[in-house]
Structures are given as C-alpha cells and as structure tokens.
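# Close look at the chain arrangement
As a plain string of letters, each chain reads:
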Amino acid sequence: MNPDHPDIKYLFEPRAVAVIGASRDPAKIGHTILRNIIQAGYQGGIHPVNPHGGEILGLPVAKSVDEIEGELDLVCTCVPSRFAFDAVKSAADRGARFNLVITSGFSEVGNVEGERQITDYARQRGMRILGPNIFGMFSAASAIDATFGPGGIVPGHVAIITQSGALGLAMIGKTAVENIGISAMVSVGNKADLDEADLLRYLVDDEQTRTILMYIEGVRDGGRLIEALKGVTLRKPVVVIKSGRSQRGAMAAASHTGSLAGSDEIFDAVMRQCGVLRAESVAQAFNLCKFLSDAPRPRGGNTVIVTNGGGIGVLATDACEKYGVSLYDNQEQLRDVFGAVTPDFGSTKNPVDLTGGATAQHYADALAAGLQHDQIESVISLYCETAMFDAESLRGMIKENHQKYAAAGKPLVFSVFGGAMSEQAVATLSRERVPLFGDVYETVSCLGAMYAYERYRKNRSEHVDEVEIDDAAVEAIIQGARADHRSFLLAHEGQRLMQAIGVALPQSRVAHNLDEAVAFAEETGYPVVMKVVSRDILHKSDVGGVALDLENREEVVDAYQAILRNCRNRMPHARIQGIEVAEMVTSGVELIIGARRDPSFGPIVMFGLGGIYVEVLKDVTFRAVPTSRTDVLEMMKEIRAYPLLLGVRGEEPKDIDSVVDAVIRLATVIRRCEGITDIEINPLVVYEQGTGAKAVDARVLISGAEGGGSDA
Ligand code: COA
C-alpha cells in the first residue's frame, strides 16, 4: 500500500478487525468497543487481543496480533499510552492497514514525541493511524461500530467527521433520538496522520452518504482540505461547525487538541470558496444535514410562502432575505394560482395569506395549487396555532403534503408555532424526518442553505487565473533586502515590487538634492507629495517628514527644506536616503488588498474597505490561492461596502476590473515567490470605470532575513 495514498476503503469496509487491549471488564473501553463491534452486526473477522488469552464475549482471544491469520485491515488500539508504541508496532509489523489509536496522552498533553514515534513507525510499515485520542469509528457500509459510544446508531445518509471526541460521542446518542441516519461517524482526534481530507476521499464516492457534517477545531494542512472539499461539494453538500470563533474559544480549541485554530474570518471565507455550508450550532447543523439528505433539489429559485398569519409571514420574508431565498414575484400568476383558495380579505401577494380562519382543507388547497404550478419551485408553509385545527388534522395536513411534494421533487418546509399541540407536532413529525420547525428562521435557514449550495454548484469554476510577473525582479528585490538583514521592504523597494508584478502606482522618484526634487516635481506635474526616505524613520508624518498638495516650484523648495530641517531636529541620528517626490493621488474609493501565507491554508488574498478605519470596520474578506477572476469578483461582493464600487448618490461606477486584476497579481506573486510572506496595499485607490486603480502605500514582509522590524 502506498503510504501517501492509503486504500481508504479498507478503513470503512475492513475485512477483519482486531481490538488490542480487549478486556473482560465491562467498565473498560477495550470491552465496550469489542461489544459494540459485535452488537452492530459486523460480519468480518473479529479478533480480541489481550496477553491473558482466553475468551471475551464468546470470542477466542489472541495473545498477540501475530496469532491472527489472514488479512487484517483494521486494528483498534485501547491500551494505555505507555504501551501504545509496542501495540502499534506489533500491528504495523503484522501488516495491518489501519489503526484506530483510541489512547489519549499524546500531543494534546504535550507528548508530541510519543505521537511522532508511533506515526513514523506506522508510516514506515505502510500502516495508517487514525488519532490518537479518538473514540473510534462507525461505518454503515460494513455495519461496524468500533466506538465506545452508547451503540444503537441508526444507519442512514449523514456522515460525521469530528475532531471533538466527547461531542462526537454525544452526537451518537443525539442522532439516534432525532432519527438522523448515519452512514459513517469518524473521530479524528489529534490528526497525527490521517485527517479529514483522507476520509473525504472515501465519503465522496460512498453512495450511502448524501451529506457530510464536520466538526473542526483546527486545520493543519489547509491546501489538502480545500482540494478534498472542492471535490466533495461538486457532488454532495458539506456542513461544517467550527469552534474557536471568539478569541477565547480559539485559545480553548488550541489547548484542546493542540491544533492551531487560525483566523475565523479566513476559515469562514475559505469554506464559502469551497461551497461548504457553515452551521452556527450543533442543532442547526443537524437540521441542515437532515434536510439536505432527504429533501429534493429545487429546479429554480421561485419560492412561495403560505401562511395563516400576516406577522409570521413578514418574519419569514425577512428570513428569506437573510438566507438568500428569493420570493416569487409574478403577481398576476400568484393571483391566478392562489386566488381561488384565498379569502377576499386574505392576500395572494407572496406571502400568500390564508388568514386566521384557514382550515386544514384551505392549506391542502393552497399547497396543491403551489405544487401544480411550474414556476413555483419551493414552498414555505407557516402555521400559527388557531382553534381551526385539531392535532390530528394538523399532523395529517403536514404529513400528506410533505409526501406529495417529496414525490413530485419540490422542496416544502414547514414552521408551526403555538402551544402544546404545535410543540408535539414538531417533536413527532421532525423525528419522522419531515422538515418542520417551531421557529421560522430555522425553517427558512434550511431552504436558504440548500439554495446557497445550489448557487455554488451552478457558479463554481475550476478555472485558475494567474498573470505574467517579473519573477527575476521580485527575487532581486527580496535578495537585496535580505542582504541588508531586513525582513521588510523599504518604501521604494515596495514600489519596485509593485512595478515588477504590474500593480499601478502613483508616479514617484527619490530626489537626492533640491534640484532633483524640483525637476521631478515639474516632470510629474503638480500637485505633488513629498516624503522623507529613511529606514530609521518609521512614522514619517510624526516627525514632519511629509508634505502634501504642493502646487508649484516654490512650495516644493520650501517643503524640501522643511522636511530635512524637521527630521534633523527631531531625529538627529536618522540616516536620510533622500526625499520622495510623488504624484498627489486624487480622491477615489480607498480599498485594501493583500496577500499572505496563512498557517492553516497557505497563500491567501485579502480584499476590503481600506483607509485608516480598516482595523475598526474590519470590512474585509479572504480567498485561498489559487483563485480566479470570477471568484475574486464574488469575494469583493461579500464586503458591506461593495455598493461604493457600483457608484452611490449619482457617482460613476468604479473600475472594478482593475481591482480584480490587482488582486490576481498579488495572488500570483504570493504563490510563486516563497520569499514573500505578507503584502498589504492600503490604500489601493480605485477611480471611475476605465481609469484604473493605484497602490498608494504597499507594505511587504519577507522571510529568511536575520534582522527584524516592520516596514518603513
Ligand atoms: N496488548 C494487548 N492488551 C494489552 C496490552 C498489549 N500490549 N497491554 C495491556 N493490555 C490489556 C490490559 O491487560 C487490559 O486488559 P485486562 O482488563 O484484561 O487486564 C487492557 O489492555 C486495557 O489496559 P488497562 O491498563 O486496563 O487500560 P484502560 O482500559 O484502563 O485504559 C485506555 C486504556 C486506552 C482506554 C486509556 O489509556 C485511555 O487513553 N483513555 C482515554 C481514551 C479517550 O478518552 N480517548 C479519546 C476519546 S475522544
């Protein structure tokens, strides 16, 4: 078996399994796992291993794995950490393919070396490790429950991959109660060897699995995860819950599994880029998984709300806007379809209001009308509890219509709000897998997630955009800074870098005497800006090293002398390389764009509203690299300030293409030039359509220099 491409099928569909550390003691984990494997109905060979031999749960016990004959695809290691290496070694030497190392006490408590030892040994021998520090794995494909969970997993269509053990174990019980069928449940723990990306390679092809739910605390090899996720979301939806959103949560996650939680904003954006749906809570994730596994896919976006209450209809309308569900708006058609089933004092405008007097029959008629109409592609049915229904007619109406819509392949979701009768309907029918919730937002969020996923599938593109840049020039600039023991570029080096990658700049040159300054200003054309160039002066304005809006020769002469005087007075020891004379940038929309190497996801680009308030407003978003022009445009639309680029209050639209181009140039350089760790252009001023964008200030950090410090 090639260790880099494990035949992952044998993890989920092992032909034989051994439990090292199987115990007679029902209180021990090694006993529970063996019992669960037997009770779930696994049909392959089951081999308990324990030095005492004998029999456990009716099975003969091997004193060591060497005594087991035939193929051994899976081993569960349930011995204390001090014995784990020997147990793993014996399984690897025996030629086992996969090893679920249940044992805790490794990198999560600082025992990185112990973890590395078992992983390295296993790898050398071609055995792959899941864990350590896991609760095991369930796979419906071979009816194997190799977990120490409560058992009773209902087989079905949702696969769960979880980094948290206790939460995963609890999910076993919860999914059983909620009647969520599971195709696979895998605990990844410390991810010392196999990680989510490996498991997704099996689940993408597994026909039982319709939806995948992942609980993630930290991502190590983001590049592999992105690739795997993009492959999966092409075919089936993935829902992710990521903890560590808050700063404290991120710290807790880091100490929990020893992984780097990373920036939540970046994680969020990258998941969107991969078409992954992010859930806020376990409850929401379960709702989404249930719905996405069972509900038919909509043919299009026209949704109709049917309600017996105006207020709840308005709430649902708000929720539709929040979750990206578009309401059917052809008023003529709506009147034709729903006119006959709506009282005169009701409304056929979407929401279709059947009014408080609506009975089960009124709902049945309205939903039948919606079902028959071709242009109506999904329906949200809302009910506020009234005396017009009894429990039976309510349940009957919901169930019957659910079945009719499912048979016709049209999504229908319900919200029922009220007293005991409503609560009971929600509890019982949702367990029968009817998409029915008490809260309107919960209801609409399911449909919204489905539409978000459909939109992603329709718009996704494998295309990658890169541009020509002058790699040799970039390399020379980096080498120059390194030779100077700097980990940052000086302003003029940053400008040369922009030229090398093709990002437009305001014209600028460094003058070394007054005559040069005047000559450069005349050539550039007034107004100009002048700034001191010195690696010793970080905050130029603070020492009087900047002069703006210089309109003529006299002002340039005065400013030149004033800058030198100010700097010499306030920072007498600063070495001054010259005075930069630059074109004064006229006003436009100030943006920020950047590129950096993220510890989890590797090269990424950033885009947002720029200027001095960027830290406060945080209106920025990200994409993993490589990316495409289409994707960059999508990313730009994610920020709140995007409408500024379309032109507001009679302003002309801005040159969006030139911004997309600048971002693609940063994406290209961060991917191609390893030496660059961080580029930030703030502001990138964008002008009217057709007139481009200019990088006014660029800060660039590089790796590999002995010196330190920040940009000048
Ligand atoms: N080969 C086979 N069996 C061995 C062995 C070996 N090399 N070394 C020890 N054993 C046997 C023991 O004799 C014992 O069997 P016995 O009851 O018949 O004596 C059995 O393995 C278990 O060993 P024991 O010392 O009793 O350990 P334990 O069951 O108390 O704990 C773990 C073992 C793995 C469960 C424990 O170390 C652990 O890591 N617990 C945390 C697990 C966890 O929470 N994981 C993460 C979940 S999210």
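The structure this text deals with has already been given above.
Let me begin by describing the structure that accompanies this report. As the structure is a prediction and not an experimental result, all values here were calculated from the model.

Further remarks concern the overall build of the chain. Secondary structure summary: the chain contains 24 helices and 29 strands in total. Summarising its shape, the C-alpha atoms of the chain cover approximately 95 × 80 × 40 Å along the three principal directions. Residues classed as buried in the chain amount to 54% of the 712 residues present. Once local pairs closer than 6 in sequence are excluded, the contacts in the chain between residues at least 24 apart make up 73%. Looking at the chain as shown, the accessible area adds up to about 29,900 Å², and 50% of this sits on carbon and sulfur atoms. Across the chain, 70 positive and 93 negative side-chain charges occur, with their mean positions spaced 4 Å apart.

Here we take up the site of the ligand. Near the ligand, the surroundings consist of 21 residues, among which Ser23, Lys28, Asn50, Ile102 and Ser104 are the closest. Contact distances for the ligand include 2.7 Å between an oxygen atom and a side-chain N or O atom of Lys28. A distance of 2.9 Å separates an oxygen atom of the ligand from a polar atom in the side chain of Asn50. Computed on the free molecule, the ligand has an accessible area of 970 Å², of which 72% lies beneath the protein chains in the complex. Considered class by class, the residues forming the shell around the ligand number twelve nonpolar, eight polar and one charged.

Attention shifts here to helix α24 (residues 656–672). Between its first and last C-alpha atoms α24 spans 24 Å; for 17 residues at 1.5 Å apiece the expected length is 24 Å, and the two agree. Counting buried residues along α24, 13 of its 17 residues qualify, which places the element largely inside the surrounding structure.

What follows is about helix α15 (residues 420–431). Taking 1.5 Å of rise per residue, the twelve residues of α15 would be expected to cover 16 Å, and the 17 Å separating its terminal C-alpha atoms lies within 8% of that figure. Among all positions of α15, only Met421, Ser422, Ala425, Val426, Leu429 and Ser430 are buried. Buried residues of α15 fall within an arc of 135 degrees about the axis and therefore sit on the same side. Away from the buried face of α15 by more than 90 degrees, exposed residues Ala420 and Glu423 are located. Its buried side turned inward, α15 meets α10 (282–294), β17 (378–384), α14 (391–408), β18 (412–417) and β19 (436–437). Arg433 occupies a position one or two residues after α15 and carries a positive phi of about 65 degrees.

Right, let's get into the side chain of Glu196. Take Glu196: it is sitting in helix α6 (residues 196–203). Separated by 2.7 Å, the side chains of Glu196 and Lys191 make a polar contact.

Put plainly, a disulfide is one covalent bond tying together the sulfur atoms of two cysteines. For the coordinates displayed, the defined rule picks out zero disulfides. With no disulfide partner, Cys274 has as its closest neighbouring cysteine sulfur the one in Cys289, 17 Å distant. Judged by its relative accessible area of 0%, Cys274 falls in the buried class. Here Cys320 is not disulfide-linked; the sulfur of Cys446 is the nearest cysteine sulfur, at 12 Å. On the basis of relative accessibility, which here comes to 1%, the residue Cys320 falls in the buried class.

This paragraph deals with the side chain of His373. Following the sequence through the fold, His373 ends up in the loop between α13 (360–372) and β17. For His373, a relative accessible area of 15% puts it in the buried group. A distance of 3.1 Å separates a polar atom in the side chain of His373 from the backbone nitrogen of Gln375. Residues within four places of His373 in sequence aside, it is in contact with Tyr328, Gln333, Val337 and Lys410.

A word on the sheet that holds strand β21 (residues 528–533). The four strands lie next to each other as β20-β23-β21-β22, forming an open sheet whose pairing is antiparallel. Single-partner strands in this sheet number two, and they are β20 (508–511) and β22 (546–550). Neighbouring strand axes in the sheet, compared pairwise and without regard to direction, differ in orientation by 20 degrees on average. Bridge count between β21 and β22: three bridges; the pairing is antiparallel. Across the sheet, residue Lys531 finds its bridge partner in β22, namely Val546. Across the sheet, helix α19 (residues 514–524) lies against β20, β21 and β23 (578–583), angled at about 165 degrees from β20, the strand it touches most.

So, about the pattern of salt bridges. Side chains that differ in sign of charge can pair as their charged atoms come close. For the coordinates displayed, the defined rule picks out 42 salt bridges. As a salt-bridge pair, Asp268 and Arg278 come within 2.8 Å of each other at their nearest N and O atoms. Taken together, the residues Asp268 in helix α9 (residues 264–273) and Arg278 in strand β14 (residues 277–278) connect sequence positions ten residues apart. One salt-bridge network, in which partners are shared between bridges, spans Asp264, Asp268, Arg272, Arg278, Arg623, Asp631 and Glu638.

Moving on, we get to unusual backbone geometry. That bond from Tyr526 to Pro527 is cis: its omega, 0 degrees, falls within 30 degrees of zero. Residue placement: Pro527 occurs in the loop between α19 and β21. A cis amide bond, omega 5 degrees, links Asn682 with the succeeding residue Pro683. For Leu57, which is not glycine, the phi torsion reads 50 degrees and is therefore positive. The backbone phi angle of Asn133 is positive, close to 70 degrees, even though this residue is not glycine. By secondary structure assignment, the location of Asn133 is in the loop between β7 (128–130) and β8 (136–139).

What follows concerns the sheet that holds β7. Within a sheet, each strand pairs with its neighbour through backbone hydrogen bonds, oriented either parallel or antiparallel. The five strands are arranged β2-β1-β5-β6-β7 in an open sheet whose pairing can be described as parallel. Across the chains shown, the open sheet's two edge strands, defined by having one partner strand only, are β2 (45–49) and β7. Sheet twist, expressed as the average angle between the axes of neighbouring strands with direction ignored, equals 20 degrees. Pairing analysis gives four bridges linking strand β1 (residues 16–20) to strand β5 (residues 74–77), with the strands arranged parallel. In the strand pairing of β5, Ile20 is matched with Thr77.

Ranked by internal contacts, the top residues of the largest apolar core, which has 63 residues, are Leu11 and Met214. One finds Ile477, Ile478, Val663 and Cys673 within the second-largest nonpolar core, a separate group that totals 49 residues.

This next bit is on a negative patch on the surface. A surface patch of negative charge is lined by Asp549, Glu551, Glu554, Glu555 and Asp558. At three residues, helix α20 (residues 553–570) tops the list of elements feeding residues into the negative patch. In this structure, Asp549 sits in strand β22. Here Asp549 falls in the partly exposed class, since its relative accessible area comes to 38%.

Summed over the entire model, instances satisfying the criterion amount to seven aromatic pairs. Between the aromatic rings of Phe12 and Tyr202, the centroid separation amounts to 4.1 Å while the plane-to-plane angle is 5 degrees, which identifies the pairing as stacked. Note that Phe12 is positioned in helix α1 (residues 9–12) and Tyr202 in helix α6, a separation of 190 residues in sequence. For the pair formed by Phe12 and Tyr202, the shared burial category is buried.

Where nonpolar side chains cluster on the molecular surface, the patch consists of Ile612, Tyr613, Val616 and Leu617 and spans about 480 Å² of accessible area. If you trace the backbone, Tyr613 turns up in the loop between β25 (602–609) and α21 (614–617).

The rules behind each value
- Residues numbered from 1 in each chain as written.
- Predicted model: local features only at pLDDT ≥ 70, side-chain atom pairs only at ≥ 80, totals over all residues.
- Heavy atoms only, no water.
- Helix = DSSP H or I, 4+ residues; strand = E, 2+ residues; numbered from the N terminus.
- Buried < 20%, exposed > 50% of the residue type's maximum accessible area, 1.4 Å probe, protein only.
- Contact = heavy atoms within 4.5 Å.
- Areas by Shrake-Rupley, 256 points an atom, 1.4 Å probe, with all protein chains shown as cover.
- Lys, Arg positive; Asp, Glu negative; His and termini not counted.
- Charge placed at Lys NZ, Arg CZ, Asp CG, Glu CD.
- Near = heavy atom within 4 Å.
- Polar contact = N/O pair within 3.5 Å; in protein donor to acceptor, adjacent residues only side chain to side chain.
- Nonpolar A, V, L, I, M, F, W, Y, C, P; charged D, E, K, R; others polar.
- Expected span 1.5 Å × (residues − 1).
- Arc of directions from axis to C-beta.
- Disulfide = S-S within 2.5 Å.
- Pairing = 2+ DSSP bridges.
- Axes fitted to C-alpha atoms, helices over the stretch in contact; angles between N-to-C directions.
- Salt bridge = Lys/Arg side-chain N within 4 Å of Asp/Glu carboxyl O.
- Core = buried A, V, L, I, M, F, W, Y, C linked by side-chain atoms within 4.5 Å.
- Patch = residues over 30% accessible without salt bridge, like charges linked within 9 Å, V, L, I, M, F, W, Y side chains within 5 Å.
- Phe/Tyr/Trp six-rings, centres within 6.5 Å; stacked < 30°, edge-to-face > 60°.

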